[in-house]
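# A look at the structure
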Amino acid sequence: MARTSAETATILSELYNETFARDSYEKFRITWSQLRLLSGTPKLTDNYLLAVNQVLGESGYTLVPLDDFLIMAQHTDFSDLRAVPDRIIERYLPDEDDDLELDDDDDVEIEGPDDDES
């Protein structure tokens, strides 16, 4: 039976607290097939993952989808990552002389979790 996004998020946060690989309260990776098994859904849609992440975010967790697996972490797990300094960002800003044409026609609309949760 398929679980709601909230139920799946609860399980993921409980897994975060489990001890395995000699660690607990640490970020971990989970395969797409493992997450499908836990969620009870044959396909993990973008809307479902968005809804799971919304619930996780309320407790300070996040689920990061990658090609071969997903990473489950607390927001604080990323606090030690290096930050791009403004002086570097400034090197990549567009020239003010350039006329930028913004074309939204090819943009993909992201639906919210209330649109389709499973």
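Residues numbered from 1 in each chain as written. Predicted model: local features only at pLDDT ≥ 70, side-chain atom pairs only at ≥ 80, totals over all residues. Heavy atoms only, no water.

So, about a nonpolar patch on the surface. Nonpolar side chains collect at one region of the surface, where Val 84, Ile 89 and Leu 93 lie side by side and expose about 270 Å² of accessible area between them. Turning to its location among the elements, Val 84 is positioned in the loop between β3 (69-74) and α4 (86-91). (Patch = residues over 30% accessible without salt bridge, like charges linked within 9 Å, V, L, I, M, F, W, Y side chains within 5 Å. Areas by Shrake-Rupley, 256 points an atom, 1.4 Å probe, with all protein chains shown as cover. Salt bridge = Lys/Arg side-chain N within 4 Å of Asp/Glu carboxyl O. Helix = DSSP H or I, 4+ residues; strand = E, 2+ residues; numbered from the N terminus.)

It is worth spelling out the packing of aromatic side chains at this point. According to the stated counting rule, one finds two aromatic pairs in the structure shown. Ring plane angle 70° and centroid distance 5.2 Å describe the contact between Tyr 16 and Tyr 61, whose orientation is recorded as edge-to-face. With Tyr 16 in helix α1 (residues 5-17) and Tyr 61 in strand β2 (residues 61-65), this residue pair connects regions lying 45 residues apart in the sequence. Judged on exposure class, the residue Tyr 16 and its partner Tyr 61 are both buried. Where Phe 20 meets Phe 28, the ring centres are 5.7 Å apart and the plane angle is 75°; that geometry is what we call edge-to-face. (Phe/Tyr/Trp six-rings, centres within 6.5 Å; stacked < 30°, edge-to-face > 60°. Buried < 20%, exposed > 50% of the residue type's maximum accessible area, 1.4 Å probe, protein only.)

Further remarks concern the sheet that holds β3. Reading across the sheet, the three strands line up as β1-β3-β2 and stay open at both edges, with antiparallel pairing between neighbours. Unpaired on one side and paired on the other, β1 (28-31) and β2 mark the two borders of the sheet. Within this sheet the neighbouring strands show an average axis-to-axis angle of 25°, counted without direction. One ladder, built from five bridges, connects β2 with β3; its direction is antiparallel. When the bridges of β3 are listed, Val 64 appears paired with Ile 71. Across the sheet, helix α3 (residues 46-58) lies against β2 and β3, angled at about 150° from β2, the strand it touches most. (Pairing = 2+ DSSP bridges. Axes fitted to C-alpha atoms, helices over the stretch in contact; angles between N-to-C directions. Contact = heavy atoms within 4.5 Å.)

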